[in-house]
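Topology and contacts: notes
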Amino acid sequence: MTRNLQPSRLDMQALAQDGVPLVATTLLRNMKRLAQETQGLQPDSSVQWQARAELRPRADGDDEVWLHLQAKAMIPLTCQRCMGVVLNPVEVNQWYRFVANEDIAMAEDDQSEEDLLVMEPHFDLLAVLEDELLMALPLVPMHDQCPVGPTLHAGEADIVGESAEKPNPFAVLVQLKKKK
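First, a word on what this report is: a plain description of the structure on this page. These figures come from a predicted structure and were not determined experimentally.

A few words now on the overall build of the chain. Within the chain, the secondary structure is distributed over 6 helices and 5 strands. Along the chain, from the amino end to the carboxyl end, the secondary structure elements read α-β-α-β-β-β-α-β-α-α-α. Counting only contacts in the chain whose residues sit at least 6 apart along the sequence, the fraction spanning at least 24 positions is 56%. Entry remark: accessible area of the chain is about 12,200 Å², with carbon and sulfur atoms responsible for 52%.

Take a look at the structure:
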């Protein structure tokens, strides 16, 4: 069973108590920061994602809220070899533990293996999803084998022309030697 909620205004405590996962498809164009990184984004390009919150008992008796976020998408980026469009598969599979405030998050961040998020009354799950997708993008997107060879534009004609017309720098010395 899935539910249809606004992922930009979630009450994570209630979601964890329900135990019902959120399953959704979001258009990539609606993720503004991610859309700026793309090339050739199609109107129907999307990310399929699922979020499941759960309560886990702590030693002090209170329950902690945990979130498991999973996502898959094909992101069109610019190939750094041929400058064409290369589709990059991107996957997210991340656990988060919620803490009460930013001070606790900063204090526990170095010791915890999981990522920490601050519990907010209206949590923006789509912003976290977009952050994770951005971090999952390759640093240098490239085809394994480019469909076309790279083309040179800037200064290509100048480089070819210069090598054919450039005078020999020692020609002047040869002329001086002949005068003696």
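Following the structure, the description resumes.
Turning to the packing of aromatic side chains, a few remarks are in order. Under the defined criterion, the tally for this structure stands at 2 aromatic pairs. Where W66 meets W95, the ring centres are 6.3 Å apart and the plane angle is 70°; that geometry is what we call edge-to-face. Taken together, the residues W66 in strand β3 (residues 63–78) and W95 in strand β4 (residues 85–99) connect sequence positions 29 residues apart. By relative accessible area, which is 26% here, W95 ends up partly exposed.

Here we come to the side chain of E130. With respect to the helices and strands, E130 occurs in helix α4 (residues 125–136). In this structure E130 comes out as buried when scored by relative accessible area, which is 9%. Residues within four places of E130 in sequence aside, it is in contact with M31, K32, R33 and L34.

Judged by side-chain charge, E102, D103, E120 and D124 come together as a negatively charged surface patch. Along the chain, the position of D124 falls in the loop between β5 (115–118) and α4.

Turning to the pattern of salt bridges, a few remarks are in order. Per the counting criterion, the structure on display carries 8 salt bridges. Its salt-bridge partner being E54, residue R52 comes within 2.7 Å of it at the nearest N-O pair. For R52, a relative accessible area of 28% puts it in the partly exposed group. Taken together, the shared-partner salt bridges in this structure form one network comprising E64, R97, E108 and E114.

Criteria and thresholds
- Residues numbered from 1 in each chain as written.
- Predicted model: local features only at pLDDT ≥ 70, side-chain atom pairs only at ≥ 80, totals over all residues.
- Heavy atoms only, no water.
- Helix = DSSP H or I, 4+ residues; strand = E, 2+ residues; numbered from the N terminus.
- Contact = heavy atoms within 4.5 Å.
- Areas by Shrake-Rupley, 256 points an atom, 1.4 Å probe, with all protein chains shown as cover.
- Phe/Tyr/Trp six-rings, centres within 6.5 Å; stacked < 30°, edge-to-face > 60°.
- Buried < 20%, exposed > 50% of the residue type's maximum accessible area, 1.4 Å probe, protein only.
- Patch = residues over 30% accessible without salt bridge, like charges linked within 9 Å, V, L, I, M, F, W, Y side chains within 5 Å.
- Salt bridge = Lys/Arg side-chain N within 4 Å of Asp/Glu carboxyl O.
- Lys, Arg positive; Asp, Glu negative; His and termini not counted.
- Charge placed at Lys NZ, Arg CZ, Asp CG, Glu CD.

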